[in-house]
Every structure is written in structure tokens, then in C-alpha cells.
Amino acid sequence: MNRESIDTLKGIGEKTGKLFQKVGVVTVEDLLGYYPRAYDAYEEPAAIGELKPERVMAVAGMLYKTPDVKRYSHIQVITTTLKDPTGTLTLTWFNMPYLHSTLKAGMRAVFRGRVVKKNGRLTMEQPEIFTAEAYGQIIHSMQPIYGQTKGLSNKTIVRAEKQALEIRKMVRDYMPAELRKKHELAEYNFAIEHIHFPSDRKELLFARKRLVFDEFFLFLMAVRKLKEKRGDKPSPYSMKLSQKVEDLKNHLPYSLTKAQEKVLKEVYDDLTGGRVMNRLVQGDVGSGKTIIAILALLQAAYNGCQGALMVPTEVLAKQHYESMTELFAAFGIDKTPLLVTGSMTAKEKRIAYEKIASHEVDIIIGTHALIQEKVVYDNLALVITDEQHRFGVGQREMLGQKGEEPHVLVMSATPIPRTLAIIIYGDLDISVIDELPANRLPIRNCVVDTGYRKKAYEFIRNEVAQGRQAYVICPMVEASEMIEAENVVDYTKVLKEALPGVAVEYLHGKMKPREKNKIMERFSNGEIQVLVSTTVIEVGVNVPNATVMMIENAERFGLAQLHQLRGRVGRGKYQSYCIMVNGSDQDETKKRLDILNKSNDGFYIASEDLKLRGPGDIFGIRQSGDLEFKLGDIFTDANLLKTVSEEVNLLLKEDPELEKEEHQELKNKLQEYLEKSYDKLNL
Ligand SMILES: Nc1ncnc2c1ncn2[C@@H]1O[C@H](COP(=O)(O)OP(=O)(O)OP(=O)(O)O)[C@@H](O)[C@H]1O
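Residue numbering note: each chain is counted from 1, following its sequence as written. Since the coordinates come from a predicted model, pLDDT governs what is reported: local features require at least 70, and pairs of side-chain atoms require 80 or more to be given and counted, while whole-chain, interface and lining totals use all residues. Note that water and hydrogens are dropped before the side-chain values are worked out from all heavy atoms of the structure.

(A) Just the overall build of the protein chain, in detail. In DSSP terms, a helix is any run of H or I states spanning at least four residues, a strand is any run of E spanning at least two, and both are numbered starting from the N terminus. A tally of helices and strands in the protein chain yields 23 helices and 21 strands. Against the globule reference of 26 Å for 683 residues, the protein chain gives a C-alpha radius of gyration of 27 Å, in line with a compact fold. Per-residue burial over the protein chain gives 54% buried out of 683 residues. Surface exposure here means Shrake-Rupley accessible area, sampled with a 1.4 Å probe, where a residue is shielded only by the protein chains that are shown. Counting only carbon and sulfur atoms, one obtains 51% of the accessible surface of the protein chain, whose full area is about 31,700 Å². Radius of gyration means the value over C-alpha atoms here, while the globule rule gives 2.2 Å times the residue count to the 0.38 power. To sort residues, take the accessible area from a 1.4 Å probe on protein chains only and compare it with the maximum for the residue type: under 20% means buried, over 50% means exposed, and anything in between is partly exposed.

(B) A look at the packing of helix α11 (residues 290-302) against helix α12 (residues 314-330). Lines fitted to C-alpha atoms define the axes, with helix axes restricted to the stretch in contact, and inter-axis angles between N-to-C directions lie between 0 and 180 degrees. Following both chains from N to C, one finds α11 and α12 inclined at 60 degrees, their axes separated by 12 Å at the closest point. Here α11 lies oblique to α12, going by the angle between them. In this structure, α11 crosses over α12, and the sense of that crossing is right-handed. Note on element contacts: α12 touches α11 through His320, Met324, Leu327 and Phe328, opposite Thr290, Ile294, Leu297 and Leu298. Its residues placed into classes, the contact of α11 with α12 shows six nonpolar, two polar and no charged. Here is the rule for angles: anything less than 35 degrees is roughly parallel, anything more than 145 is roughly antiparallel, 65 through 115 is roughly perpendicular, and the remaining ranges are oblique. A crossing counts as left-handed when the near helix is turned anticlockwise from the far one by less than a right angle, and as right-handed when that turn is clockwise. For this analysis, residues touch if any pair of their heavy atoms sits within 4.5 Å. Classes in brief: Ala, Val, Leu, Ile, Met, Phe, Trp, Tyr, Cys and Pro nonpolar; Asp, Glu, Lys and Arg charged; the others, Gly included, polar.

(C) A look at the packing of aromatic side chains. By convention, a stacked pair of Phe, Tyr or Trp rings (six-membered ring in the case of Trp) has centres within 6.5 Å and planes under 30 degrees apart, an edge-to-face pair has planes over 60 apart, and any other such pair is tilted. Counted under the stated rule, the structure contains 11 aromatic pairs. For the pair Tyr42 and Tyr135, a centre-to-centre distance of 6.0 Å together with 45 degrees between the ring planes defines the contact as tilted. Taken together, the residues Tyr42 in the loop between β1 (38-41) and β2 (56-63) and Tyr135 in helix α4 (residues 132-138) connect sequence positions 93 residues apart. Accessibility expressed as a relative area gives 7% for Tyr42, which makes it buried.

(D) Seen up close, the pattern of salt bridges. Between Lys or Arg on one side and Asp or Glu on the other, a salt bridge is scored when a side-chain nitrogen of the former is within 4 Å of a carboxyl oxygen of the latter. Scanning the entire structure with this criterion turns up 26 salt bridges. One salt bridge connects Arg112 with Asp40, and the closest N-O pair in it is separated by 2.8 Å. Here Arg112 is found in strand β6 (residues 108-118), whereas its partner Asp40 is found in strand β1, with 72 residues between them in sequence. Here the two residues Arg112 and Asp40 agree in accessibility, since each one is buried.

(E) Molecular detail of the site of the ligand. Near the ligand you find 22 residues, and of these Gly286, Lys289, Thr290, Arg440 and Arg571 are the closest. We define a polar contact as two N or O atoms separated by no more than 3.5 Å, with the added condition that, inside protein, one atom must be a possible hydrogen donor and the other a possible acceptor, whereas residues neighbouring each other in sequence contribute only through side-chain atom pairs. Between a nitrogen atom of the ligand and a main-chain N or O atom of Ser255, the distance comes to 3.0 Å. For the ligand, an oxygen atom lies 3.3 Å from a polar atom in the backbone of Ser287. Coverage of the ligand by the protein chains reaches 88% of its 640 Å² of free accessible surface. Summarising the domain contributions, the shell around the ligand has at least three residues from each of domain 2 (232-433) and domain 3 (444-599 + 601-612). One heavy atom within 4 Å of a molecule or strand makes the whole residue count as near it. Domain delimitation in this document rests on an assignment produced automatically or drawn from a domain database.

(F) Broad picture of the nonpolar core. In this structure, Phe20, Phe217 and Met221 are the most contacted members of the largest nonpolar core, which totals 70 residues. Counting contributing residues per domain, this core is built from domain 2 (232-433) and domain 4 (638-679), each supplying no fewer than three. In this structure Phe217 touches Met175, Leu179, Val644, Val648, Leu651 and Leu666, once residues within four positions along its chain are discounted. Formed by 43 residues, the second largest nonpolar core is a distinct cluster that contains Leu252, Val263, Tyr268 and Ile365. Definition used in this section: a nonpolar core is a set of buried Ala, Val, Leu, Ile, Met, Phe, Trp, Tyr and Cys residues joined via side-chain atoms within 4.5 Å.

(G) Region of interest: the packing of helix α9 (residues 243-250) against α11. Axis separation between α9 and α11 bottoms out at 9 Å; the angle between their running directions is 155 degrees. The orientation of α9 with respect to α11, classified from their angle, is roughly antiparallel. Every pair of crossing elements has a handedness; the one defined by α9 and α11 is right-handed. On α11, the residues that touch Lys244, Val245, Leu248 and Lys249 of α9 are Leu295, Leu298, Gln299 and Tyr302. Partitioned by chemical class, the residues of the contact of α9 with α11 number five nonpolar, one polar and two charged.

(H) Spotlight on unusual backbone geometry. Unusually for a residue other than glycine, Asn553 sits at a positive phi of about 50 degrees. Within the secondary structure, Asn553 is located in the loop between β20 (546-551) and α19 (559-566). The backbone of Leu658 sits at a positive phi, close to 50 degrees, despite the residue not being glycine. Note on placement: Leu658 falls in the loop between α22 (638-654) and α23 (664-679).

Below you can see the structure in the form of C-alpha cells.
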């Protein structure tokens, strides 16, 4: 029943089914596992005088004007005014023509929507309308808000979730009863129901704790199994260090930092030590992880083996490919890299696979495409993955299976404290690059409001005049009627006007991979001077000539994400700048952005953010959304993570193969978890 497709639910036809597929929901089970992104608590209506911008709030009052309808190209706007003893408020709706006949002067109601400040005055946009009685019934309840996609509204998802809960088959709880009791965990079926529809905050936290416990538990069990399987084994590829690679290292345009040398030695010791390497290299943005990867790949190549470098995006794969090709050509390195990406044509792929299988190439760079079944390697001795995003523990294992026990090196810029890293990466040894190259000048930061834009553009113009380049980040791709935030397409037009003679172009995730690559290429070689982009450039993009990072609507991003974005500048010898434009006047936002303003250190930022939010703050912007947990946050749930880690140790000590009767359900669940983790790769 739970594995059935969601089109068995009422109201879900082919079209809606496709939209659900877009957010990864195919079966009833997937739907139940599609947890709310946030919850809306229907609070007491506030007085108009108490309204705060950028918040969703409710007000009660009387309409004192018959609505006014205006039409601007494709948008119809209805406005009216609400009054209470503390003030007046403009209410605005977009494209809702039928409201015209509902809204009448003198009507009393409760209105709930986002409050925004426009031209110095407060307006409520797209408010929902309730009678006082109807509002009284839902007050204080928690309404789920799901991640939506164009055409798939929250209402549709809520309706589907309710049905799914009704028809689902209850599952037997796989968590051993003893553990549930010890940690006061909710029963599984109860937790699933109440994560979607909690009646209050307490119930929500109860349900959430159980599900986060599960996420950590299954993840850590999988990590332990992986360690057992891959950990500390003799390696079929014991290498000898090649002098050619040493020569390259000694002739780079820079010398490695002490931290890079230390980490490189640890990697070399693994490669030559006769045991299979399973290592994580952790280093803040721009600390120089890539050269470690390149040198290790070359060592493999000069030992007659193949090496693969797998990264999360095509843009990055291409970037690595190009910089490697250039480097090798400059230093007379006779080892050829090959690029494999999902957007290659079938023919291109076939040719690439042949080159890999015949060992015509030594170093293979690519995205997920690298672990597709069709790729057959010849003597694959080293696999390097960029852990920023998406590659979870299952993927790690899968790559390992591609060769005969290849060495595995994982790169990460996520600033996880050592105690947590040891848990999360329990199957890996950890190396840390804890120093930035010496030629770097610390990035100068500022947090400004939108009134500063003109000055910022002048500043960018100056930098460009000196030969430098700039990024401008906007949260949205295109204009939206519902969300007040800057978008790449319109912003580019504005910027082109503001900066005549400057080459301004845009980049976003909805563009075709080829187009994206082209734009990135033109930015890399300096043809484009200002790149207006969404967060697609967040990870790993390396254009050392870029010195300005201007982030619009900085309030909409998590601190970790802002830190990554900022890490795109300050990668070369030039002084770099980060301008964060704060579009909100909330104190909390100011405090958050201030942390970034004061520091360029990823570890410090993560720990300060945690202090500000406090453990258990589950409504804040997730810090570690890039790890593979849907609900759990390794920072705010750090204590639970430690507890679960201890429990997993105990359990595996007592029953290493999960053979006991009371662990059978768990064993099946774990198997399922691993299979799902592999499946994700084939999406
Ligand atoms: N020791 C060094 N001295 C000077 N420059 C260096 C040094 N090591 C690396 N670089 C340069 O610093 C820039 C950033 O390095 P790299 O791209 O490896 O960063 P990273 O650690 O991968 O960062 P991110 O996580 O942001 O991708 C590159 O242009 C690289 O050539």
C-alpha cells in the first residue's frame, strides 16, 4: 500500500503526479516522507500599530474602502484599506479577480499575510481572509508548509498528505523497544502523522525528535557497516611516489602552505602504505584542497593506475578539467584528463567510456555520470569526491565498488567541529587544512541596506576599471508575484543600464548545462566582467580575478551558504570585498549577518550561528542542509547525534550482524535505507 503510486489518491491526476515527481515524490511512502519545510502558527491577531515588516502576521479590523482594481500588463492588483484604532493598513492581492465582489467597505474580518514595507509604508500582501469565528477555530494550531514547485500549491500537498495518512498501512516500529523507552521516543507511525499535522509545538518536537533519531541512527549504522567493509584493508595499489609529481609541486606558481604539505603527506602515506585509503580532507573555502587532489591523481597516474574526481556540478567538473589541462600542458605532464558529464551526447559518452575502458586516459573528471554502470575502469586506484553536496554514504560505497578496493579521498569545506566530524565521517580518517595561503588579504565585508546600491555599483565599476571582476547574487531566477526578492533576469537589465560599457551577464540553474558552461567559461576568461547569478556558483567556483561579491537579499540565505558564496572571492592576491545587502529590518537578521561581517572563518561562523539560534532551534535556516538529513541538523541536534552514535556503538557491539530476533525489523530497514541511497544516484 505504501509503495503504491500517489496517483491512487483522489485529486492526483497525471499532471499533479508529474509535479510531485519534480519534488521527488512518487509513492505514498515518499509523500509521507516529504516533511514540511516549516510550520505556520496561527497566532492572535495583532493591532495594526504592532505589525512588523517581513513577517507573516494576522490583523483584525474593518475595511473602510471599497477595493480598487488596477491592471499592469499581465498582473491585476486589488488594493483596499483596513482600519483599527491603532492605524490603517493597505491590503494587496495579485491576480485574484473574484475578491472584487467579496470585499466590501464595512466588512469585518481577520486578514493574514506577509507584511512588507513599500515606500516607507506597511502593506500586507496576498492575505488570507477569515471570519472571526473561523480564525478562532484554527488559532494556535500549527499548519504545515511544504516545499512547493510552480503549479503545486501547499493546499494540494496538504490534501494529499491527509489522504496518504488515512490510507497508509501502519508499519511495525523497527526501533528496538528498549531504545525507544530509554530515549523517550515517539512511536514511528505516531511520529509520521504528527510531523505533518502537530496540534501544538510540543507534539511537533516529540515527533521530530523521533524522526531525527531515526535519520541519525540509520545513517550511522550505514557508516559503521561501510567502515567494516572498507576499513583497514590491504590495498592492491601500493604506490611509489613519482619524482615527476614532486617536480610539478616544486614548480607551481606558489608554494604549498604548511597545512597543505601536512595533508599531502598524510595522503601520500596512505597511497604508499599498503592499506586502502579512506580519508576526508576538510578545509575552509579557498584553502587549496584542489591541488592536493590533483597531485594525488597524478601519483596514481604515474603508477600506471586510473584516478577519478567526482564533483557535484557540471560547471565545476568543467572548471577542474580545464585548469588541470592547462596545468599539465604548462609543465609537460603527459597524463591526459578526460571530462564525463551528464549533458554529453550518447555518442560523446560512448567514446569517453571507450577511452576509459582502454586506459587511454588516466584521470577522469565528472559528475554523477562517473558512477553509472556503463563506465568500466581499468585499474581504478583512486576515487576523489567533493562532498559539498549530495554525495552520501551510499554513494561513497558505490564509487568504492567501481574498482577493486580503490583508495577513497573525500573533500569537504563544511566546517564541522572535529568531535562531530569523527561521528559523521566515522568510516574515514580526517585531515584538516587549517590555514589559508599566505598571499591572501582578508576579505573586507559590509552589511548595507538597499539604499546603498548606487554606491555599490560605483564600487564595482571601479574594480572592473582596474581589471577585476564581480559577482552579484540574487535569490530568484525570475520575477515572482508572491515573493519580494531580487531576481537574476531583471537585475541584469538594471545593472546593464547602471554600468554602461561593462559586460554584464547572468547565470542560473534553470539554464541548459551547455549555456551555463559557456557563461562560466566567458567569466573565467574575463570576457564577462560582472556575473549576476543565483546560488549555482556557490560551490567550488574558482575565478581568482573576481574581487567583489555582492549578495542581494542576504537575509534569505543561511550563514553557511553566505560563507560559501563569499568564498568565491578572496581567492587570489587581490584585495576582495563582500557586500551583503540586507533587505529586511529585523533585528535577528542584522545579528546573523553581523557574524559574517566580523569574521571570515567558517568554523567561527558555524559556532556563533549556533549560539545565536540555540540548540533545538528547529525553525531557523538550516546550517547543514547539505548533509543528507531531511530533518536533522548536525549543529543544533549535536547532542542527539552524539547520543545516537553511542547507541549505535552499543548495539553493534552486542549484535554486530543484527541477528537477534528483536533486531530483524531494523536489519530490513537498514537494507532498505542503503538501497534507497543507491537509488538516488539514478534519478
Ligand atoms: N599554497 C597556495 N598559495 C597560493 N595560492 C594557492 C595555494 N593553494 C591553492 N592556491 C590557489 O587558491 C585558489 C583556491 O584553491 P582551491 O580551488 O583548491 O580551493 P578549495 O579549497 O577547493 O576551496 P572551495 O572549497 O571554495 O572550492 C586557487 O586559485 C588555487 O590555485
